[in-house]
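Okay, here's what each chain looks like letter by letter:
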Amino acid sequence: MRLANAMGFGYPQAMTVTVRFAPSPTGHIHIGNARTALFNWLFARQRGGRFILRFDDTDTARSRQEYADQIQTDLHWLGIRPDVTAHQSVRFDTYAAAVERLKAAGLLYPCWETAEELERRRKIRLSRRLPPVYGREALKLAETDRKAFGDDGRKPHWRFLLPNFSDDPFSPQRTEVHWDDVVRGPQTVDLASMSDPVLVREDGTYLYTLPSVVDDIDLSVSHVIRGDDHVTNTGAQIALFRALGAQPPAFGHHNLLTTASGEGLSKRSGALSIKSLAEDGIEPMAVASLAVLIGTSESVSAARSMDELAERFDPAATSKSAAKFDPAELVTLNKVLIHAMPFEEARERLAEHGISGSLAEPFWLAVRGNLEKLADAEVWWKIVQEGPQERPEPAPEDAEFLAIAFDNLPPEPWDRMTWKIWTDRLKELSGRKGRVLFMPLRLALTGREQGPELADLLPLLGREGTLARRP
Ligand code: GLU
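Residues numbered from 1 in each chain as written. Predicted model: local features only at pLDDT ≥ 70, side-chain atom pairs only at ≥ 80, totals over all residues. Heavy atoms only, no water.

A. Representation of the nonpolar core in the model. Core analysis: the largest hydrophobic core is formed by 50 residues, its most contacted members being Leu38 and Leu309. Secondary structure elements with two or more residues in this core: strand E1 (18–21), helix H2 (31–46), strand E2 (50–55), helix H3 (65–78), helix H9 (274–279), helix H10 (284–293), helix H11 (306–312) and helix H12 (328–339). For this core, the element with the highest residue contribution is H2, accounting for nine residues. Every residue in contact with Leu309, bar those within four places of it in the chain, is listed here: Leu42, Met285, Ala288, Ser289, Val292, Leu293 and Ala303. Counting residues in hydrophobic clusters, the runner-up holds 37 residues, among them Trp364, Phe406, Leu445 and Leu458. (Core = buried A, V, L, I, M, F, W, Y, C linked by side-chain atoms within 4.5 Å. Buried < 20%, exposed > 50% of the residue type's maximum accessible area, 1.4 Å probe, protein only. Helix = DSSP H or I, 4+ residues; strand = E, 2+ residues; numbered from the N terminus. Contact = heavy atoms within 4.5 Å.)

If you want it as structure tokens, here you go:
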């Protein structure tokens, strides 16, 4: 761990680092979401902190239990173990109480504008070279106007009055909010450059801001780490923390991942969901390594374990521009992990593919260097156990050579030297060498032109198994 980083953020040492990953369970999470989850997880791990999984499920119409379940499965698969799991959908009373406090303080005010009305005003402001922000017209309404809206049965939406003025809310002035972003370094947002955010919609449902801030306070979140699409929100959220009487947490905003053609990843880009990558046989550490290291000054290479990744993770090394993500890199990393995967790590999963018993370990060590995915071991197990799955007819010019070869198998016991002994003898007997010597043997033994070293495979086949493969 880089202690210099762990201690350099300027927060009190006694404070327990508490982070949260806050997905809305409205779809499957993808590698970009995994990046956010892992940034939080590794950040907490480096500092002995806590990780909260918080489901932002206030949108009860779009949130689904099956998505929440899948997100938990995905995080577990990645190696993330939340200390606490929270749901916003059981906390509506708490948000209602916060709404009442803000109203009582005059910081939440009702507005009745329609979307068309707002758009019309926005255009007028732009034509007058004014910033296209909400002009707080609703604050000017007389009590009688408000009552009239109510009598008409119209429901207001509610805006948070940003503290960007001294006495007169209609004369906002530059109001800088600063924070030292744990990813991006010093940040400044001007509260006069944004509209008072809507916290509660006409139908009484919450936009994400208020529940998120209320929960971050109640859950004692010390660091909010999320995508840089939230940088501007952070200015308003810091103001909301203060309005609710709380000290804002530290913030970190990482760059987002895009597809190779530069498009943002969406919950609908199914092929890149964590679920489908897992089903496709990609190793969790391949996904985690790429999700964390891409778009940083660290080189992208496979970390074997979360501890190793935590060693290499440095939020401040993240670049500020979006990072292009190429799924082909996952396969490259996957191979590296599989090629060096110790048998102990593979054992249980191999057993699920029917690969077990005393041969499982030497088999794994023989074949792993040729596999892209662990599941590819199954076909080699069949080849070793049952013989070639497809049997190409030997070329006529090889028939005599093969007859000599199978007549001259070395005596048992067989080990890694047997292949050399056998082929040295065949060189003498046939005068063949190189490809014309090896390839007919490889084809007869495995049915394939490529594969694991025959020196490793031969002892697994045994003399009897080899003879049984005589064309
Ligand atoms: N549910 C929010 C989102 O997915 C969480 C953002 C945050 O971390 O504050 O965008």
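B. Up close: helix H7 (residues 209–218). Extensive coverage of H7 is indicated by the burial of eight of its 10 residues. Buried residues belonging to H7 abut E1, E2, helix H4 (92–104), strand E8 (198–200), strand E9 (223–227) and helix H8 (231–243). Where H7 ends, the next residue or the one after it, Ser220, has phi of about 55°, a positive value.

C. Representation of the pairing of strand E10 (residues 250–254) within the structure. With four of five residues buried, E10 lies mostly within the body of the structure. In the sheet, E9 pairs with E10 via five bridges, with the strands oriented parallel. Following the sheet pairing, Arg226 is matched in E10 by His253. Handedness of the crossover joining E9 and E10 through H8 is recorded here as right-handed. (Pairing = 2+ DSSP bridges. Right-handed = clockwise from strand over helix to strand, strands pointing away.)

D. The site of the ligand, seen in detail. Around the ligand sit Arg20, Ala22, Ser24, Asp56, Tyr208, Ser212, Arg226 and His230, and that is every residue in its neighbourhood. Within the side chain of Tyr208, one N or O atom sits 2.6 Å away from an oxygen atom of the ligand. Take Arg226: an N or O atom from its side chain is 2.8 Å from an oxygen atom of the ligand. Taken by itself the ligand offers 290 Å² of open surface, and the protein chains cover 77% of this. In terms of residue class, the shell around the ligand is built from two nonpolar, three polar and three charged. (Near = heavy atom within 4 Å. Polar contact = N/O pair within 3.5 Å; in protein donor to acceptor, adjacent residues only side chain to side chain. Areas by Shrake-Rupley, 256 points an atom, 1.4 Å probe, with all protein chains shown as cover. Nonpolar A, V, L, I, M, F, W, Y, C, P; charged D, E, K, R; others polar.)

E. Representation of the sheet that holds strand E5 (residues 157–160) within the structure. Read from one edge to the other, the open sheet built from three strands follows the order E4-E5-E8, with strand pairing classed as antiparallel. In this open sheet, the two strands that pair with only one neighbour each are strand E4 (108–111) and E8. On average, adjacent strands in this sheet sit at an angle of 45° to one another, irrespective of strand direction. Inspection of the sheet shows E4 paired to E5 by four bridges, in the antiparallel sense. By the bridge assignment, Pro110 is partnered in E5 with Trp158. Against the sheet, H4 makes contact with E4, E5 and E8, and its axis sits at roughly 90° relative to E4, the strand it touches most. (Axes fitted to C-alpha atoms, helices over the stretch in contact; angles between N-to-C directions.)

F. Main features of H12. The end-to-end C-alpha distance of H12, which contains 12 residues, comes to 17 Å, matching closely the 16 Å that a straight helix rising 1.5 Å per residue would cover. Along H12, the residues classified as buried are Leu330, Leu333, Asn334, Leu337 and Ile338. Buried residues of H12, viewed axially, fall in a sector of 135°; they line one side. Next to the buried residues of H12 lie H2, H9, H10 and helix H14 (360–367). (Expected span 1.5 Å × (residues − 1). Arc of directions from axis to C-beta.)

G. Highlighting the pattern of salt bridges. This structure, assessed with the given rule, holds 33 salt bridges. Here Asp216 and Arg20 are joined by a salt bridge, their closest N and O atoms 2.8 Å apart. You can see Asp216 sitting in helix H7 and its partner Arg20 sitting in strand E1, a full 196 residues away along the chain. When sorted by exposure, Asp216 lands in the same class as Arg20, which is buried. For Arg347, the salt bridge is made with Glu344, and the minimal N-O distance between the two is 2.6 Å. (Salt bridge = Lys/Arg side-chain N within 4 Å of Asp/Glu carboxyl O.)

H. Seen up close, the pairing of E1. The alternating pattern of E1 places Thr18 and Arg20 and Val19 and Phe21 on opposite faces, both of which are buried. Running through H2, the crossover from E1 to the neighbouring parallel element E2 is right-handed.

I. Representation of unusual backbone geometry. A cis amide bond links Glu412 with the next residue in sequence, Pro413, at an omega value of 5°. Inspection of the secondary structure puts Pro413 in the loop between helix H16 (399–407) and helix H17 (418–430). The backbone phi angle of Arg136 is positive, close to 60°, even though this residue is not glycine. By the secondary structure assignment, Arg136 is in the loop between helix H5 (115–127) and helix H6 (143–151). Residue class for Arg136 comes out buried when judged on its relative accessible area of 4%.

J. Structural context of the side chain of Arg469. Here Arg469 is to be found in the segment after helix H19 (454–467). In this structure Arg469 is buried but unpaired, with Glu386 as the nearest side chain of opposite charge at 8.7 Å. Among the polar contacts listed, one links the side chain of Arg469 to the backbone oxygen of Leu445, at a separation of 3.0 Å. Discounting chain neighbours no more than four positions away, the residues touching Arg469 are Ile383, Val384, Gln385, Glu386, Gly387, Pro388, Arg391, Phe406, Ala444, Leu445 and Leu461. (Lys, Arg positive; Asp, Glu negative; His and termini not counted.)

K. Region of interest: the packing of H16 against helix H18 (residues 435–446). Packing of H16 against H18 brings their axes to within 10 Å, and their N-to-C directions diverge by 70°. The angle between H16 and H18 places the two elements in the roughly perpendicular class. Taking contact as the criterion, the partners of Phe401, Leu402, Ala405 and Phe406 in H16 are, on H18, Val436, Leu437, Pro440, Leu441, Ala444 and Leu445. Its residues assigned to classes, the contact of H16 with H18 comprises 10 nonpolar, no polar and no charged. (Parallel < 35°, antiparallel > 145°, perpendicular 65-115°, else oblique.)

L. Quick peek at the environment of Ala468. In this structure, Ala468 sits in the segment after H19. The class of Ala468 is exposed, set by a relative accessible area of 61%. For the pair formed by Ala468 and Glu386, sequence separation is 82 residues and the distance between their alpha carbons is 9.8 Å.

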